[in-house]
Amino acid sequence: MNINPAIALIGILLSGISHSKALTVCTEASPDGFDVVQYNSLTNTNAAADTIFNRLLEYDASSGKLVPSLAQQWQVSADGLQYTFKLRAKVAFQRTDYFQPTRALNADDVIFSFQRMLDPNHPWHASAPNGYPHAQSFGLGKLVKDIRKIDDLTVQFTLQQADATFLPLLSMGFASIYSAQYAAQLLATNQQNAFNSKPIGTGPFALRSFQKDAVIRFDAHPQYFGGKPKSDKLIYAITPDPVVRVQKVKAGECQIALGPKPQEITAAQQDKNLKVLSTPMFATAFVALNTQHKPLDKVEVRQALKLAFDQKTYLNQVFQGTATAANSPLPPATWSYLGDKETSYNSTKAKALLAKAGFPNGFDTTIWIRPAGSTLNPNPRLGGELLQADLAKIGVRAELKTIEWGELIKRAKAGEHDILFMGWSGDNGDPDNFLTPQFACASLESGLNFARFCLPQLDALIKKGRTTANINERSNQYQAAQKIIAQQALWIPLAHPLTSVITTPKVSGYVVNPFGRQNWLNVRSQ
């Protein structure tokens, strides 16, 4: 049989197109950058840590255990002070037009990645203009005494004191491992800021291009140690409006929509051309009350605002059955969870507390919200208006301010807000993953403590909970901490939502992560 060369060529080209078909994901917002250690939002984690980088360990949500990643095995000394990690051999860094690695991952890369954050005298320490929020919040600079290279594939961390949270912390996005060789190249040419725009990691995808508020393009890392990704290209189509994200899936412009609105989830469940994948999110939506701003510095005022909030109406209108009520910073599935059952909606009692605090006629304040919806805040405008109306009933006049997400995070970390709609998603199953970043005194410096509250008694409980591996002892400390947080009314807890995505029926391999993390390695659209 004779084969027409032209037809054969077309077949080859079409085959190549099919093989390299991109996976396009409609995402919520632009990342602040790709130097993930500088940032704390899930948007940055998804765009950088989950695509470009790896960590020594990962947390497997399905088993609830830490699993190997760049470290294939590890040992902890009997006194809990030394952690020795054996690295995988022949782990390749990504190759791009701006960096060509000449060696595989080794101990130098691990040491560089942590010393940069922890050592103020390190030549790269000042390269993060806003600091290292997670490392600062968890006090790693004081916790880690030494990081030592045993050999090319062995690294040993020595701690100042035993800390039960150290291993789980290493699975978080901020613990991503960078290339020391690439860092040396940039330092030699005074281009340290390139870490934020031209990252290099060992992860499944390499950054190709980024247009702010438009699109991020990634190429599969062909030498990825976990196996070549199922999709040759990954595209983040940045689409702030959740309704538009779903419309793009229907139109075939995206194969996956992250963070759909509750009503979109309900509609998609009835549409045979769409799939809805959901799981309870290990996260809490909340309203933070800035205790450094008057009159929110008075506990009676904060308690009054908490009592004035009609949580049931909020859940019905904003989440429409896709979330459960929150009455603690911790999600209910967390060990040591202790719900606050002492308070419920009571505007009469709220007015009395305001009068007791010296504000019988209320006061003026502001409520900050983001412009577009997310899993933890599906309808920011509606939620803000509901809280505004509830506060008006007790005489509190609250101005609603909509601030672009990146700006909101930056200003909130600086403590400029009064009342702030916010959410926190854990990276592992440990309660400390919520309590330290949100309520520890060290988190005031990093800005993650959105209540801007430092109480030595509370700080001591959180710290004590980290220093023992005994779950019962840790639970006692954390439950005592939750009682103080509730009594001080640092938050108005809102909801524990489902995390959902909407996809086309052709998408396979996607697993919804309760922490909101994204693993695209085995995901493809047929």
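Now for a look at the structure at hand.

### Some points on the sheet that holds strand β5 (residues 82-87)
Point 1. Taken together, four strands build an open sheet; the order of strands is β4-β5-β7-β6 and the sheet is antiparallel. This sheet does not close on itself; its edge strands, each paired only once, are β4 (71-76) and β6 (144-151). Averaged over all neighbouring strand pairs, the angle between strand axes comes to 20°, with direction disregarded.
Point 2. As defined by bridge partners, β4 adjoins β5 across five bridges and the pair is classed as antiparallel. Paired with W74 across the bridge in β5 is F85.
Point 3. The strands that helix α3 (residues 107-118) touches are β5, β6 and β7 (154-159); relative to β6, the one it contacts most, it runs at about 165°.

### Points about the pattern of salt bridges
Point 1. Counted by the stated rule, this structure contains 19 salt bridges.
Point 2. Notably, a salt bridge pairs R116 with D35, separated by 2.5 Å at the nearest N-O pair. Of this pair, R116 sits in helix α3 while D35 sits in the loop between β1 (22-27) and α2 (42-49); the two residues are 81 residues apart in sequence, bridging distant segments of the chain.
Point 3. Taking the relative accessible area as the measure of exposure, R116 reaches 1% and is therefore buried.
Point 4. D50 is paired through a salt bridge with R517; the nearest N and O atoms lie 2.6 Å apart.

### Notes on the packing of aromatic side chains
Any pair of aromatic rings gets described here by the distance separating the centres and the angle formed by the planes.
Point 1. Here the structure, examined in full by the defined rule, presents 28 aromatic pairs.
Point 2. Against the face of Y178 rests R116, its NZ or CZ located 5.6 Å from the ring centre.

### Observations regarding the pairing of strand β17 (residues 419-425)
Point 1. Across the seven residues of β17, seven count as buried, placing the element largely inside the fold.
Point 2. Burial along β17 is two-sided: the residues I419, F421, G423 and S425 and L420, M422 and W424 are all buried.
Point 3. In this sheet, β17 lies alongside strand β13 (residues 283-289) in antiparallel orientation, the contact comprising seven bridges. Across the sheet, the residue bridging to A285 is G423, located in β17.

### Thoughts on the environment of F515
Point 1. Relative to the helices and strands, F515 is located in the loop between β19 (507-508) and β20 (524-525).
Point 2. For F515, a relative accessible area of 5% gives the class buried.
Point 3. Excluding residues within four positions of it along the chain, F515 makes contact with L42, Y59, A61, M281, F282, S425, G426, D427, N428 and G429.

### Concerning helix α7 (residues 180-188)
Point 1. For α7, every residue scored as buried is listed here: A180, Y182, A183 and L186. The arc that holds the buried residues of α7, viewed along the axis, is 155°, so those residues lie on one side.
Point 2. Check the buried side of α7 and you find it contacts α3.
Point 3. The N-terminus of α7 is capped by S179, whose side-chain oxygen sits 3.4 Å from the backbone nitrogen of Q181.
Point 4. Looking one or two places after α7, you find N190, whose phi comes out positive at around 55°.

### A closer look at the state of the cysteines
Point 1. Across all of its chains, the model carries two disulfides by this definition.
Point 2. Paired through a disulfide, C26 and C254 show a sulfur-sulfur distance of 2.1 Å. Handedness here is read from the sign of the S-S torsion; for C26 and C254, about 70°, the answer is right-handed. Of this pair, C26 sits in strand β1 while C254 sits in the loop between α8 (242-250) and β11 (256-258), and the two are 228 residues apart along the sequence.

### Let's talk about helix α14 (residues 405-413)
Point 1. Among the residues making up α14, those that are buried are W405, G406, L408, I409, A412 and K413. The buried residues of α14 occupy one face: seen down the axis, they fall within an arc of 165°.
Point 2. After α14 finishes, the residue G415 shows a positive phi value of roughly 80°.

### Quick word on the packing of helix α10 (residues 299-308) against helix α12 (residues 347-356)
Point 1. At a minimum axis distance of 8 Å, the contact between α10 and α12 shows a crossing angle of 165°. As the angle between them shows, α10 and α12 are arranged roughly antiparallel. In this structure, the crossing between α10 and α12 has a hand that is left-handed. Between α10, through E300, V301, Q303, A304, L307 and A308, and α12, the contact on the second element is made entirely by S347, K349, A350, L353, L354 and K356.
Point 2. The class makeup of the residues in the contact of α10 with α12 is seven nonpolar, two polar and three charged.

### Considering the nonpolar core
Within soluble globular proteins, side chains that are nonpolar tend to cluster in buried spots.
Point 1. Counting residues in hydrophobic clusters, the biggest one holds 73 residues, and the most contacted among them are L56, F85, F114, F157, I256, Y510 and W520.
Point 2. Top contributing element to this core by residue count: α3, with seven residues.
Point 3. Y510 has contacts with I256, L258, L277, V501, Q518, W520 and V523, leaving out every residue within four places of it along the chain.
Point 4. If you look at the next biggest cluster of nonpolar residues, it comprises 36 residues, including A283, L315, F363 and L494.

### Remarks on the environment of A22
Point 1. Relative to the elements of secondary structure, A22 occurs in strand β1.
Point 2. Sequence separation between A22 and N54 is 32 residues; the distance between their C-alpha atoms is 22 Å.
Point 3. If sequence neighbours within four positions are ignored, A22 has contacts with K233, I235 and Q255.

### So, unusual backbone geometry
Point 1. Residue P295 is reached from K294 by a cis peptide bond, and omega for that bond is -5°.
Point 2. Here P295 lies in the loop between β13 and α10.
Point 3. Residue Q320 is not a glycine yet carries a positive backbone phi of 50°.
Point 4. Take Q320: its relative accessible area is 39%, and that puts it in the partly exposed class.
Point 5. Non-glycine residue R452 carries a positive phi angle of around 55°.

### Remarks on the side chain of E58
Point 1. Secondary-structure assignment places E58 in strand β2 (residues 57-60).
Point 2. Polar side-chain contacts of E58 include one of 3.0 Å to the side chain of R55.
Point 3. The residues touching E58, leaving out its near neighbours within four places in the chain, are K65, L66, V67, S69, S171 and R517.

The rules behind these values
Residues numbered from 1 in each chain as written. Predicted model: local features only at pLDDT ≥ 70, side-chain atom pairs only at ≥ 80, totals over all residues. Heavy atoms only, no water. Pairing = 2+ DSSP bridges. Helix = DSSP H or I, 4+ residues; strand = E, 2+ residues; numbered from the N terminus. Axes fitted to C-alpha atoms, helices over the stretch in contact; angles between N-to-C directions. Contact = heavy atoms within 4.5 Å. Salt bridge = Lys/Arg side-chain N within 4 Å of Asp/Glu carboxyl O. Buried < 20%, exposed > 50% of the residue type's maximum accessible area, 1.4 Å probe, protein only. Phe/Tyr/Trp six-rings, centres within 6.5 Å; stacked < 30°, edge-to-face > 60°. Lys NZ or Arg CZ within 6 Å of the ring centre and 35° of its normal. Arc of directions from axis to C-beta. Polar contact = N/O pair within 3.5 Å; in protein donor to acceptor, adjacent residues only side chain to side chain. Disulfide = S-S within 2.5 Å. Parallel < 35°, antiparallel > 145°, perpendicular 65-115°, else oblique. Left-handed = near helix turned anticlockwise from the far one by under 90°. Nonpolar A, V, L, I, M, F, W, Y, C, P; charged D, E, K, R; others polar. Core = buried A, V, L, I, M, F, W, Y, C linked by side-chain atoms within 4.5 Å.

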